[in-house]
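The primary structure of each chain is shown beneath.
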Amino acid sequence: MKKFSVAIAGGGSTFTPGIVLMLLDNLDKFPLRKIKFYDNDEERQDTIARACEVILREKAPEIEFLATTDPEEAFTDIDFVMAHIRVGKYAMRELDEKIPLKHGVVGQETCGPGGIAYGMRSIGPVIEILDYMEKYSPEAWMLNYSNPAAIVAEATRKLRPNSKILNICDMPVGIEDHMAKIAGLNSRKEMSVSYYGLNHFGWWKSITDKEGNDLMPKIKEHVRKHGYNADIGPNQHVEASWNDTFVKARDVFAVDPDTLPNTYLKYYLFQDYVVEHSDKEYTRANEVMDGREKFVFGECRKIIENQSTEGCKLEVDDHASYIVDLARAIAYNTHERMLLIVENNGSIENFDKTAMVEIPCIVGSNGPEPLRIGTIPQFQKGLMEQQVSVEKLVVEGWIERSYQKLWQAITLSKTVPSASVAKAILDDLLEANKEFWPEIKRPEVENVEALSLV
Ligand SMILES: NC(=O)c1ccc[n+]([C@@H]2O[C@H](COP(=O)([O-])OP(=O)(O)OC[C@H]3O[C@@H](n4cnc5c(N)ncnc54)[C@H](O)[C@@H]3O)[C@@H](O)[C@H]2O)c1
Ligand SMILES: O=P(O)(O)OC[C@H]1O[C@H](O[C@H]2[C@H](O)[C@@H](O)[C@@H](O)O[C@@H]2CO)[C@H](O)[C@@H](O)[C@@H]1O
Ligand SMILES: [Mn+2]
């Protein structure tokens, strides 16, 4: 059986150890000969890498391991790149979340102005890594879950239309774990779902068990009262802010009881509630820095010091098992049915053909074959047309270095009340992201000064 070579781009990620443990848990299904880490922060990656070196030495000494900041070293002789970079790291996520809140607008990692700022940082480096992969391992596939996946996916559609990159998200997988528990099943894999939308902006339209029995009524009954709240065992989503998000799905569901919503829709449909319940001084980025980041790096330092995983609390990142499913689908032509972010091309008949939509696909060695969704209701169509236009304007703004397009994108976001608030947020984000965004051409001075935005 062929053994594969995997490069993890963003080796210093808090998710890397859990993903490595998950890969080692699946060697029978996805055998590996080599794992390489690549990061542009050598010190951050070194802590994760030295711990993973111990893990591999104990559990799979036959797998060759390398951590590097050199692209040629990282991406030569690779079958898959699993990319989860965070450009600007948590320090910039904190600003993505706090700057909009300063203006009374939703501050979130991938949604609204924060997601736009994050997207403007991510496009260049993700394309750069994709180009490295194609230069040094032309036959490789990139499985990208660097966020914001919606904007990154639109950028790779426009700028690298022929590249072997699959953009993915684990939020639907995470919610389906809750749904399976609510439906009394052991695993989400016992369900067959039809889902559509944009990334972090979608709905389930049907859910059955493998015998074809409709599970929607039972799940809806629970969601109507409790949202997706369901004890599915330890994961980082037991934190209050995530628990609130799962419960809030109850109110998002009430707006359209014909479907079941992605939790992220709360940021677009209940933006006032979100702002009212946000702490402008302590956002999710702070929770993650104080929680996951401290935990993962603390555990890695213990492993390095002891040169042993004994007593280690790091766990297999089960949510990442969908990444192995995806890699196996490509490697073994399994025709797995998975949600991917792909070009619509008529799958959703009454929606922009060029939109990057999150829908079920049959995945094989030649990549995804999107399934047909048919026509979507006016409510979802209207919301999606506004949101996809934001995403497209951000990518156009990045390509053209256009202040005007970025101002339009933020103005168009459902999370932003007016063009003047949008401009105030944009000017703050421009200042904060000087080191990361491409240089943006400001409009002619007279146009800006002539604007009475007060
Ligand atoms: N698609 C999804 O559903 C999903 C799920 C979970 C996490 N994510 C994403 O995974 C990423 C990692 O999340 P995290 O919380 O572990 O972040 P993290 O900050 O802990 O790790 C990100 C790593 O990327 C590195 N990096 C940044 N810019 C880089 C570049 N240009 N080249 C190479 N490396 C670079 C950083 O140095 C850091 O080590 C984020 O983008 C996050 O949003 C996506
Ligand atoms: O606030 P964070 O950094 O903890 O999480 C933000 C990410 O949340 C989603 O990913 C979750 C996933 O939905 C869940 O199943 C769990 O296992 O872990 C993932 C990472 O927390 C979302 O899909 C990502 O895009 C966000 O970055
Ligand atoms: Mn996601």
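A quick note: this is a predicted structure, and the numbers were derived from the prediction, not measured. Every chain's residues receive numbers from 1 upward, in the order its sequence appears when written. Lettering for chains starts from A, numbering for ligands starts from 1, and both go in the order in which the items are written. Reporting of local features is limited, given that this is a predicted model, to residues whose pLDDT is at least 70; pairs of side-chain atoms are given and counted only at 80 or more, and all residues count toward the totals for whole chains, interfaces and linings. Working from all heavy atoms in the structure, the side-chain values ignore hydrogens and water.

Time to look at the overall build of the protein chain. What the protein chain contains, in helices and strands, is 17 helices and twelve strands. Radius of gyration here is computed from C-alpha atoms only, and the compact-globule reference equals 2.2 Å multiplied by the residue count raised to the power 0.38. Since a compact globule built from 454 residues should have a radius of gyration of about 22 Å, the 22 Å found for the protein chain is in line with a globular shape. For the protein chain, the spread of C-alpha atoms along the principal axes amounts to about 65 × 55 × 40 Å. Using a 1.4 Å probe on the protein chains alone, a residue whose accessible area is under 20% of its type maximum counts as buried, one over 50% counts as exposed, and one in between counts as partly exposed. Looking at the 454 residues of the protein chain, the share that counts as buried comes to 58%. With the model as given, the accessible surface of the protein chain reaches about 18600 Å², and the carbon-plus-sulfur share is 48%. To qualify as a helix, a DSSP run of H or I must reach at least 4 residues; to qualify as a strand, a run of E must reach at least 2; elements of each kind are numbered from the N terminus. The protein chains shown are the only cover counted for residues, whose accessible areas, like all others here, come from Shrake-Rupley with a 1.4 Å probe.

Another point: the side chain of Ser137. Examined against the element boundaries, Ser137 turns out to sit in the loop between α5 (112-136) and β5 (141-144). For Ser137, the side chain forms a polar contact with the main-chain nitrogen of Ile78, separated by 2.9 Å. Apart from the residues lying within four places of it in its own chain, the contact partners of Ser137 are Phe75, Thr76, Asp77, Ile78 and Tyr132. Whenever a nitrogen or oxygen atom comes within 3.5 Å of another N or O atom, the pair is scored as a polar contact, on the condition that within protein one atom can donate a hydrogen and the other can accept it, and that pairs from neighbouring residues in sequence are kept only if both atoms are in side chains. The contact criterion used is simple: two residues touch if any of their non-hydrogen atoms lie within 4.5 Å.

Ser13, Asp39, Ile85, Tyr90 and Tyr118 are the nearest of the 27 residues found near ligand 1. Here Thr14 contributes a side-chain N or O atom positioned 2.9 Å from an oxygen atom of ligand 1. Contact between ligand 1 and Tyr118: an oxygen atom at 2.6 Å from a side-chain N or O atom of the residue. The biggest single contributor to the shell around ligand 1 is α5, with three residues. For this purpose, a residue is taken to be near a molecule or strand whenever a single non-hydrogen atom of the residue falls within 4 Å of it.

With that out of the way, let us pick up the UniProt feature "site: Increases basicity of active site Tyr" (unreviewed entry) in the protein chain. UniProt positions are given in the numbering used here, feature names are shortened, and annotations may be inferred rather than shown by experiment. In the numbering adopted here, UniProt assigns the feature "site: Increases basicity of active site Tyr" (unreviewed entry) to Glu109. Along the chain, Glu109 falls in the loop between α4 (89-102) and α5. Those residues in contact with Glu109 that sit more than four places away from it in its chain are Arg86, Arg93, Glu97, Gly114, Gly115, Tyr118, Asn147 and Tyr264. Of note is the side chain of Glu109, whose polar atom sits 2.7 Å from the side chain of Arg86.

Burial of helix α1 (residues 16-25) is extensive: nine of the ten residues sit out of reach of the surface. The elements touched by buried residues of α1 are β1 (4-9), β2 (32-38), α2 (42-59), β4 (80-83), α12 (284-306) and α13 (321-332).

So, on to the coordination of the manganese ion (ligand 3). In this analysis a donor is any N, O or S atom within 2.8 Å of a metal ion (3.2 Å for sodium, potassium and calcium), and since water is not included, sites may seem incomplete. Coordination sphere of the manganese ion (ligand 3), protein contribution only: Cys169 (SG) and His200 (NE2), at 2.2 to 2.4 Å. In this pair, Cys169 sits in the loop between β6 (165-167) and α7 (171-182) while His200 sits in the loop between β7 (191-198) and β8 (201-209), placing the two residues 31 residues apart along the sequence. For the pair formed by Cys169 and His200, the shared burial category is buried.

Let us look at the environment of Glu310. Residue position: Glu310 is located in the loop between α12 and α13. Along the backbone, Glu310 and Ile55 are 255 residues apart, and their C-alpha atoms lie at a distance of 10.0 Å.

Take empty space enclosed by the protein next. Only protein atoms enter the 1 Å grid, on which a cavity is a set of points fitting a 1.4 Å probe that cannot get out and a pocket is an open set with protein on both sides within 12 Å along at least 5 of 7 lines, lining residues being those with an atom within 4 Å of a point. Grid points are joined across faces, edges and corners, and a volume is the space filled by probe spheres set on the points. Scanning the model with the defined rule gives one cavity of 30 Å³ or more in all. By volume, the largest cavity is sized at about 140 Å³. Breaking the lining of the largest cavity down by element, the ones donating at least two residues are α5, α6 (149-159) and α14 (378-400). Residue classes follow a fixed rule: Ala, Val, Leu, Ile, Met, Phe, Trp, Tyr, Cys and Pro count as nonpolar, while Asp, Glu, Lys and Arg count as charged, and any other residue, Gly among them, counts as polar. Of the residues that constitute the lining of the largest cavity, the class distribution is eight nonpolar, seven polar and one charged.

Looking at soluble globular proteins, one finds that nonpolar side chains tend to be buried together. In terms of nonpolar packing, the biggest core is built from 103 residues, with Phe30, Ile207 and Leu260 touching the most fellow members. In this view, Phe30 contacts Phe4, Val6, Leu23, Phe80, Met82, Val324, Ala327 and Arg328; residues no more than four positions away in its chain are not counted. Put simply, buried Ala, Val, Leu, Ile, Met, Phe, Trp, Tyr and Cys residues joined by side-chain atoms within 4.5 Å make one nonpolar core.

Taken together, three strands build an open sheet; the order of strands is β7-β8-β9 and the sheet is antiparallel. With one partner strand each, in any of the chains shown, β7 and β9 (260-261) form the two edges of the open sheet. At least two bridges found by DSSP between two strands are what make those strands a pair. Across two bridges, β8 lies against β9 in antiparallel orientation. Looking at the pairing, Trp203 lines up with Pro261 of β9. Packed onto the sheet, α14 meets β7 and β8 and runs at close to 60° relative to β7. The axes are straight lines fitted to the C-alpha atoms, using for helices just the contacting stretch, and the angles between their N-to-C directions are given from 0 to 180°.

Running from N to C, helix α8 (residues 216-226) and helix α9 (residues 240-255) cross one another at 105°; their axes reach a closest spacing of 7 Å. In this view, α8 runs roughly perpendicular relative to α9, as classed from their interaxial angle. Contact residues: α8 offers Lys220, Val223, Arg224, Lys225 and His226, while α9 offers Phe246, Val247, Ala249, Arg250 and Phe253. Partitioned by chemical class, the residues of the contact of α8 with α9 number five nonpolar, one polar and four charged. Here roughly perpendicular refers to angles of 65 to 115 degrees, roughly parallel to angles under 35, roughly antiparallel to angles over 145, and oblique to all remaining angles.

Attention now goes to the pairing of strand β3 (residues 64-68). Inspection of the sheet shows β2 paired to β3 by five bridges, in the parallel sense. Within the sheet, the bridge partner assigned to Ile35 lies in β3 and is Phe65. Following the chain from β2 across α2 to the adjacent parallel β3, one finds a crossover that is right-handed. The crossover handedness rule: strands pointing away from the viewer, path from first strand over the helix to second strand clockwise, crossover right-handed.

Quick look at unusual backbone geometry now. Cis geometry marks the peptide bond from Asn147 to Pro148, where omega comes out at -5°. Within the element layout of this structure, Pro148 appears in the loop between β5 and α6. Not every positive phi belongs to a glycine, and Lys89 is a case in point at roughly 55°. Overall, Lys89 belongs to the partly exposed group, its relative accessible area being 34%.

It is worth spelling out α14 at this point. Here α14 spans 32 Å end to end across 23 residues, near enough to the 33 Å set by a 1.5 Å rise per residue. Of the residues one or two after α14, Arg401 is the one with positive phi, at around 55°. Under the convention used throughout, the expected extent of a helix is 1.5 Å for every residue step, that is, one less than its residue count.

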